[in-house]
Amino acid sequence: MQVAIDGPAAAGKSTVARLVAEKLGGIYINTGDMYRALTWIALQRGGDPETAPERVAAMLDNLRLDYRLADGAAPVLALDGHPLEPAAVRSPAVAAKVSFTARIPPVRDWLVERQRRAGQLGLVVMEGRDIGTVVFPGAKYKFFIEASPMVRARRRLAQPGEVVDSATLESVAAEIARRDELDRNRRISPLRPAADAEVIDTDHLTAAEVADLIVERVYVGESQCPSHTRHI
Ligand code: DC
């Protein structure tokens, strides 16, 4: 069973999705980290996703992406057997290029295939941009988390582990707006809510409140569907 959580950058998806996974006893999967990991490794190998997308695509043939199920709700992502360093995938250099990686069609195909496989691991709470529209269009539970750019900039700056270079609220808001623009207007799998997703405006809600709302929807949905209740 999959719970799909989509939405723009820094809306609070990760915190919410992690909480939902914990509360439901499911596995939390952050697909943005997959796009970031590929961006990081492409930059390491001299393939700039903006100027040399074909080099990034060519890299995929010899690359392995694994999820190791460790203790706790979140599996550890590893590329070619090396666990990813959070500081590397969240660096400004990766943030500046990741939207270009996410526009490369073979990259999306390669990752969607692996995301679908990961979705079979059990009760999976997967967050991203296209989980409800492309990865799991048949998912029973789909949510799209919205928040205004300034609220999102505040949340990003408050995020532990976020690496920012002398960032101000305005510069972070501008970076978020730039990335939204790229994500919403790309030709394949643009950022948008699935027709059957519940859109949640989170400007005035805490992450815990959003998570409770989602968990409530799942409980209500599953109580009407007894064959699934053993999962939660
Ligand atoms: O969630 P995030 O900010 O870590 O995502 C990084 C980038 O990856 C973002 O620019 C959009 C892209 N992305 C995507 O296109 N599809 C996904 N399912 C997840 C992320």
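In what follows, the accompanying structure is described. (Residues numbered from 1 in each chain as written. Predicted model: local features only at pLDDT ≥ 70, side-chain atom pairs only at ≥ 80, totals over all residues. Heavy atoms only, no water.)

## So, the sheet that holds strand β2 (residues 27-30)
Step number 1: Pairing is parallel in the open sheet, where 5 strands are placed in the order β2-β6-β1-β7-β8. Both edges of this open sheet fall to β2 and β8 (198-201), since each of them pairs with a single strand only. Taken over all neighbouring pairs, the strand axes of this sheet differ in orientation by 20° on average, direction set aside.
Step number 2: The pairing of strand β7 (residues 141-146) with β8 spans 4 bridges and is classified as parallel. (Pairing = 2+ DSSP bridges. Helix = DSSP H or I, 4+ residues; strand = E, 2+ residues; numbered from the N terminus. Axes fitted to C-alpha atoms, helices over the stretch in contact; angles between N-to-C directions.)

## Describing the nonpolar core
Step number 1: Residues Leu38, Leu79, Val107, Leu111 and Met126 are the most contacted members of the largest nonpolar core, which totals 33 residues.
Step number 2: Elements represented by at least two residues in this core include exactly β2, α2 (31-44), α3 (53-59), β4 (76-79), α6 (105-118), β6 (124-128) and α7 (131-135).
Step number 3: Filtering out sequence-adjacent residues up to four positions away, Met126 remains in contact with Val3, Ala4, Ile5, Ile29, Thr31, Gln115, Ala118, Gly119, Ile131, Val135 and Phe136.
Step number 4: Listed in part, the 21 residues of the second largest apolar core include Ala17, Leu24, Leu123 and Val218. (Core = buried A, V, L, I, M, F, W, Y, C linked by side-chain atoms within 4.5 Å. Buried < 20%, exposed > 50% of the residue type's maximum accessible area, 1.4 Å probe, protein only. Contact = heavy atoms within 4.5 Å.)

## So, the side chain of Thr39
Step number 1: Checked against the element boundaries, Thr39 lands in helix α2.
Step number 2: Among residues more than four places away in sequence, those in contact with Thr39 are Pro49, Val94, Lys97, Val98 and Thr101.

## A word on the sheet that holds β4
Step number 1: Strand order in the open sheet formed by 3 strands is β3-β4-β5, and the pairing between neighbours is antiparallel. Only two strands of the sheet have a single partner each, and these edge strands are β3 (65-68) and β5 (82-83).
Step number 2: Helix-sheet contacts for α2 involve β3 and β4, and the interaxial angle to β4 is about 30°.

## Some points on helix α10 (residues 207-223)
For the α-helix, the turn length of 3.6 residues means that residues three or four positions removed from each other point alike.
Step number 1: Here α10 is 17 residues long and its end C-alpha atoms lie 24 Å apart, about the 24 Å a rise of 1.5 Å per residue gives.
Step number 2: Looking only at α10, the buried set comprises Val210, Ala211, Ile214, Val215, Val218, Gly221 and Glu222. For α10, the buried positions fall inside an angular range of 130° around the axis, keeping them on one side. (Expected span 1.5 Å × (residues − 1). Arc of directions from axis to C-beta.)

## Considerations on the environment of Arg103
Step number 1: Counting through the fold element by element, Arg103 comes out in the loop between α5 (92-101) and α6.
Step number 2: With 53 residues separating them along the chain, Arg103 and Glu50 place their C-alpha atoms 9.3 Å apart.
Step number 3: Ignoring anything within four residues of it in the chain, the contact list for Arg103 reads Leu182, Arg186 and Ile188.
Step number 4: Engagement of the side chain of Arg103 in a polar contact is seen with the backbone oxygen of Leu182, the distance being 3.3 Å. (Polar contact = N/O pair within 3.5 Å; in protein donor to acceptor, adjacent residues only side chain to side chain.)

## Remarks on the layout of surface pockets
Step number 1: In this structure, the largest pocket spans a volume of roughly 1,100 Å³.
Step number 2: In terms of lining, the largest pocket is formed by 49 residues, of which the most central are Ser14, Tyr28, Asn30, Asp33 and Arg90.
Step number 3: Residues that form the lining of the largest pocket fall into these classes: 23 nonpolar, 12 polar and 14 charged. (1 Å grid on protein atoms, 1.4 Å probe; cavity = no way out; pocket = protein on both sides within 12 Å on 5 of 7 lines; lining within 4 Å. Points joined across faces, edges and corners; volume = space filled by probe spheres on them. Nonpolar A, V, L, I, M, F, W, Y, C, P; charged D, E, K, R; others polar.)

By themselves these figures say nothing about function.
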